[in-house]
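Listed below are the residues making up each chain.
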Amino acid sequence: MHVAYFTERPYRWVPEDVVIRNKAFFAVPNTYFDHVRGADDYNYFLDEYCYAEELGFDGVALNEHHGNPFCMGNVMNVEASILARITNRVKIILIGNPLPVIKHPLRMAEELATIDLISRGRLVTGWVRGAGSEQFFNNANPAYNREMFEEAHDFIIQAWTRPGPWRYEGKHFHYRHVNPWALPYQKPHPPMIIPGVLSPETVKWSAEHSYPYIGLGTSLGPTADLWDYYADTAAEMGYQAGPENFGYLIPTFVADTDEKAQELGKGFIYGGGQTVFSAPQYTLPPGYNSKDAIRRLSKQPGGSWLGVNRNKLMQAAIDDDAPIDYEAIRARAEGQLRKSQRNYLTLLGSPDTIIDKVKTMLTVLRPGTFVFFGPQGPVPNEDRLRNLELLAKYVMPEIKAYAEEIGLRSPFETPPGDLKLRMGEARGAVVDRGAVPTVEG
Amino acid sequence: MAVTVATREDVIQVGEVPVTVVRGGEGPPLMMFHDELGYPGWMTWNNELASRYEVIVPLQPAYGKTPKVDWIRSYRDLGGLYARLMREQGWSGAPVIGFSAGAFAAAEIAAGCPSMFSKMVLVGPLGLRPTEGEIFDFLAVTIRTHVAATVSNVEAPEYTQMYGGEMTPLQFELFEDARAETARIGWEPFMFNDSLPHLLSGVGSLPTLLVRGSDDLIAPQGCITAYEAAIPNTTSVSIAGAGHRPEIEDPEAFLSAVNAFLGA
């Protein structure tokens, strides 16, 4: 199993009340950004990733968001380029580049090839559609999001593999002269990994391409459902999906004591946490989701997609002058944090506390890639580093041994899609539903 | 109140596109291009005009009944489809009333072929970069906020009839479809076309009535000013107290302005 470390590289200096008043991280005014602290943080997070390598993690994972202090990885390829040079061993996993938002796949092909070359073949490149808010920030037409995603992806593969020069006239992209001289170090191209929050369309697309799909902190039951869907699609494509096809990422904070982990782990709900990444109108811009997804949403008013549901979309504008009970909001968020721990959506505790939980998750979901999502909120650097140390020293050896015992092979050990099914052969199980723990309310 | 005119829906083939058209009334054709939220149904003002005209409402592709048309990627493309429909049905030279984004499509048609319309009524018109202010970014708000922002008076009877009460799943879906298609063809630049004023300056003497509610939150007064500057022969009417939907907020004032213009 491949174990990686990920952090959103949060901007830790926005007063929490500002986020709560804004009801979201997206659209908090950038007047709260301090360039000196920003400089310190960008350098610190690079150092933190280097420390993860030193401690023995297999990979370091980065992502990208825009206009949002929740994640300061705004131009992830720049950070990845630096890591390509200052690390030596770890895979550099990008989860992932928001293709429709960047809108320039030829440039993307060149940037990624450069990272792969500088790192001498350690790039694992992932693709995403970009969060809804990113469509606004980058003025990317949400109604063309999926089309642009697929076309950009197909183009990049061609740019890396088809001898140039050639001309490209697509639907959304047009290039007169495709002949990039920076070509990937890995042949035919870097491995892919597709992160997501359980959009069936993305799961299917990943399976059709034999790309590993990595669930981003998604509930065990629905994740198992979608991995079955992936495996069904894989079987239709003629291969048996296995651990190499699946990854899982989970918010984790480990400290020397459970008490300290619980206290600092509240950083995951700072300002409201991931559920207030962006306000509903920015999370689901018109046209961003498929018609089927909208139909599902319309029939489930209480259902939720990234914290958004039909009722929230039907709410009127925020009343900026309404009084806010900050303490009540914080108390509610703390309740949600406790619930998310009970439901295996967040791991907080000492190493001994979380090891068994991780083993349960490995048993149920059988991922070949497991990613620890480091702390959010204003957690001091020394506690962030201690989290890494404890994970590497006490948690990683235990879970790696367990993964070996139950046969969780990573995509870097077993190429996804290599295990072919014979015509008519039934596929094997990819999850163990019998091990799903009882979910409490 | 006048007797409600019977309406019917025809499906008319325009090239490969089966366009659903709502028709009601008797007389010469009067085209109506609905706004970005979709055809709201047959209203008081439709009924009134249907006593003198056959009111013809093509339903925009991707808005429920007419299928989505992939090659339509701008309001100019949409105008092209509507223009072909009018030519092939013998409706060229009819007057037109366009609402909001429907006015954008009408203006695109007029810019390309001024003789397609005898007269043009543009209500809360989008399509031109406002000389002052900004077109409200209704795609960056929730559906409920968007719909509410279209009127000044949410108690207006026909608004309540159309949009009041709990939004049903079907309404939710239709609004989402409408907003998705508006995003698809109007996202950037948002709901205007910078080449349009240059072409509109060549529409000659095409009589054009510009109607705007005084409290319109969607189309600022700068939209009207831009149309006044672009089109040589315009008359402007402001309907006091109305928002972006004067035809449902104050049907009497709206009809008074339209009748005076069309009947003149």
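Treat the numbers as computed from the prediction; the structure is a model and nothing was measured.

Draft legend 1. The arrangement of the overall build of chain A in detail. Broken down by element type, chain A carries 16 helices and 11 strands. In terms of overall dimensions, chain A is globule-like: its C-alpha atoms have a radius of gyration of 21 Å, near the 22 Å expected for 441 residues. Viewed in the frame of its principal axes, chain A has a C-alpha envelope of about 60 × 50 × 50 Å. Residue burial in chain A is summarised as follows: out of 441 residues, 49% are buried. A fraction of 78% describes how many contacts in chain A between residues 6 or more apart in sequence connect residues 24 or more apart.

Draft legend 2. Seen up close, the environment of E249 of chain B. All names here are of chain B. Residue position: E249 is located in helix α9 (residues 246-249). Judged by the 25 C-beta atoms lying within 10 Å of it, E249 falls in the buried class. In the structure, E249 is positioned 98 residues away from V151 in sequence and 7.2 Å away in space, judged by C-alpha atoms. Not counting residues up to four positions away in its chain, the partners in contact with E249 are V151, S152, N153, A156, Y159, G213, A242 and G243.

Draft legend 3. Region of interest: the interface of chain A and chain B. With 21 residues of chain A at the interface, the matching set in chain B holds 20 residues. Where the side of chain A that touches chain B is concerned, the elements lending two or more residues are α11 (280-283), α12 (291-299) and α13 (310-313) of chain A. The element best represented in the side of chain A that touches chain B is α12 of chain A, accounting for four residues. In the side of chain A that touches chain B, the residues fall into 12 nonpolar, six polar and three charged.

Draft legend 4. Molecular detail of the pairing of strand β8 (residues 234-239) of chain B. All names here are of chain B. Where strand β7 (residues 208-213) and β8 come together, six bridges link them in parallel fashion. Considered in β8, the bridge of R212 is made with S238. Between the parallel pair β7 and β8, the chain is carried across by helix α8 (residues 221-230), and the sense of this crossover is right-handed.

Draft legend 5. Geometry of the packing of helix α8 (residues 200-208) of chain A against helix α9 (residues 220-237) of chain A. All names here are of chain A. The contact between α8 and α9 brings their axes to 8 Å, and the two run at 35°. For the pair α8 and α9, the sense of crossing is right-handed. The segment α8 lies against α9, with P200, V203, K204, S206, A207 and E208 engaging L226, Y229, Y230, T233, A234 and M237. Of the residues assigned to the contact of α8 with α9, the class counts are eight nonpolar, two polar and two charged.

Draft legend 6. Representation of the confidence of the model for chain A in the model. Averaged over chain A, the pLDDT score is 93; the fraction of residues at 70 or greater is 94%. Predicted confidence for residues 301-306 of chain A stays below pLDDT 50, and this span has 10 contacts to residues more than four positions away or in other chains.

Draft legend 7. Geometry of the sheet that holds strand β6 (residues 117-123) of chain B. All names here are of chain B. In space, the eight strands of this open sheet follow the order β1-β2-β4-β3-β5-β6-β7-β8, with mixed pairing throughout. Each edge of the open sheet is held by one strand with a lone partner, namely β1 (7-14) and β8. In this sheet, neighbouring strand axes are inclined to one another by 20° on average, regardless of whether the strands run parallel or antiparallel. Relative to β7, β6 is paired through four bridges, and the arrangement is parallel. In the sheet register, L122 faces β7, and the bridge partner there is L210. Sheet contacts for helix α2 (residues 75-89): β1, β2 (17-24), β3 (29-33) and β4 (54-58); angle to β1, the most-contacted strand, approximately 100°.

Draft legend 8. The arrangement of the packing of helix α2 (residues 35-55) of chain A against helix α16 (residues 381-405) of chain A in detail. Residue and element names in this part refer to chain A. Put simply, α2 and α16 touch, their axes get as near as 10 Å, and they point 20° apart. Comparing the axis directions of α2 and α16 gives the class roughly parallel. In terms of crossing hand, the pair formed by α2 and α16 is right-handed. Judged by residue contacts, Y44, E48, Y51, A52 and L55 of α2 engage N381, R384, L385, L388, E389 and A392 from α16. Here the contact of α2 with α16 is composed, by residue class, of seven nonpolar, one polar and three charged.

Draft legend 9. Highlighting the environment of H146 of chain B. Residue and element names in this part refer to chain B. Looking at where H146 falls in the secondary structure, it is placed in helix α4 (residues 143-149). Separated by 10 residues in sequence, H146 and F136 place their C-alpha atoms 9.4 Å apart. In contact with H146, other than residues within four places in its own chain, are F138 and V141.

Draft legend 10. A look at the pairing of strand β9 (residues 246-254) of chain A. Residues and elements named next belong to chain A. Burial of β9 is extensive: nine of the nine residues sit out of reach of the surface. What you see with β9 is no split at all: F246, Y248, I250, T252 and V254 on one side and G247, L249, P251 and F253 on the other are buried throughout. Bridging between strand β8 (residues 213-216) and β9 involves four bridges; their strand directions are parallel. Within the sheet, the bridge partner assigned to I214 lies in β9 and is G247. Looking at chain direction, β9 and strand β11 (residues 369-373) are connected through five bridges and run parallel. Bridge pairing in β11 places P251 opposite F373.

Draft legend 11. A look at the nonpolar core. Counting 170 residues, the largest nonpolar core has V60, I92 and L365 of chain A together with A106 and A110 of chain B as its most contacted members. The biggest single contributor to this core is helix α3 (residues 101-112) of chain B, with nine residues. When residues no more than four places from it in sequence are discounted, the contact partners of I92 of chain A are V60, A80, L83, A84, I115, S119, R122, L123 and V124 of chain A.

Draft legend 12. Examining the confidence of the model for chain B more closely. Here chain B averages 95 in pLDDT, and 98% of its residues register 70 or above. Both scores are available for the predicted complex, with the pTM at 0.94 and the ipTM at 0.94.

Draft legend 13. Structural view of α9 of chain A. All names here are of chain A. Over its 18 residues, α9 runs 25 Å from end to end, which matches the ideal 26 Å to within 8%, given 1.5 Å per residue. Every buried residue of α9 is accounted for by L220, T223, A224, L226, W227, Y230, A231 and A234. Considered in projection along α9, the buried side chains sweep an arc of 170° and stay on one side of the axis. In the core, the buried residues of α9 are packed alongside α8, β8, β9 and α15 (351-365). Of the residues flanking the end of α9, it is G238, one or two places downstream, whose phi is positive at about 100°.

What counts and what doesn't
Residues numbered from 1 in each chain as written. Chains lettered and ligands numbered in written order. Predicted model: local features only at pLDDT ≥ 70, side-chain atom pairs only at ≥ 80, totals over all residues. Helix = DSSP H or I, 4+ residues; strand = E, 2+ residues; numbered from the N terminus. Rg over C-alpha atoms; globule rule 2.2 N^0.38 Å. Buried ≥ 20, exposed ≤ 12 C-beta atoms within 10 Å, placed from the backbone. Contact = placed C-beta atoms within 7 Å. Nonpolar A, V, L, I, M, F, W, Y, C, P; charged D, E, K, R; others polar. Pairing = 2+ DSSP bridges. Right-handed = clockwise from strand over helix to strand, strands pointing away. Axes fitted to C-alpha atoms, helices over the stretch in contact; angles between N-to-C directions. Left-handed = near helix turned anticlockwise from the far one by under 90°. pLDDT = per-residue confidence, 0-100. Parallel < 35°, antiparallel > 145°, perpendicular 65-115°, else oblique. Core = buried A, V, L, I, M, F, W, Y, C linked by C-beta atoms within 7 Å. Expected span 1.5 Å × (residues − 1). Arc of directions from axis to C-beta.

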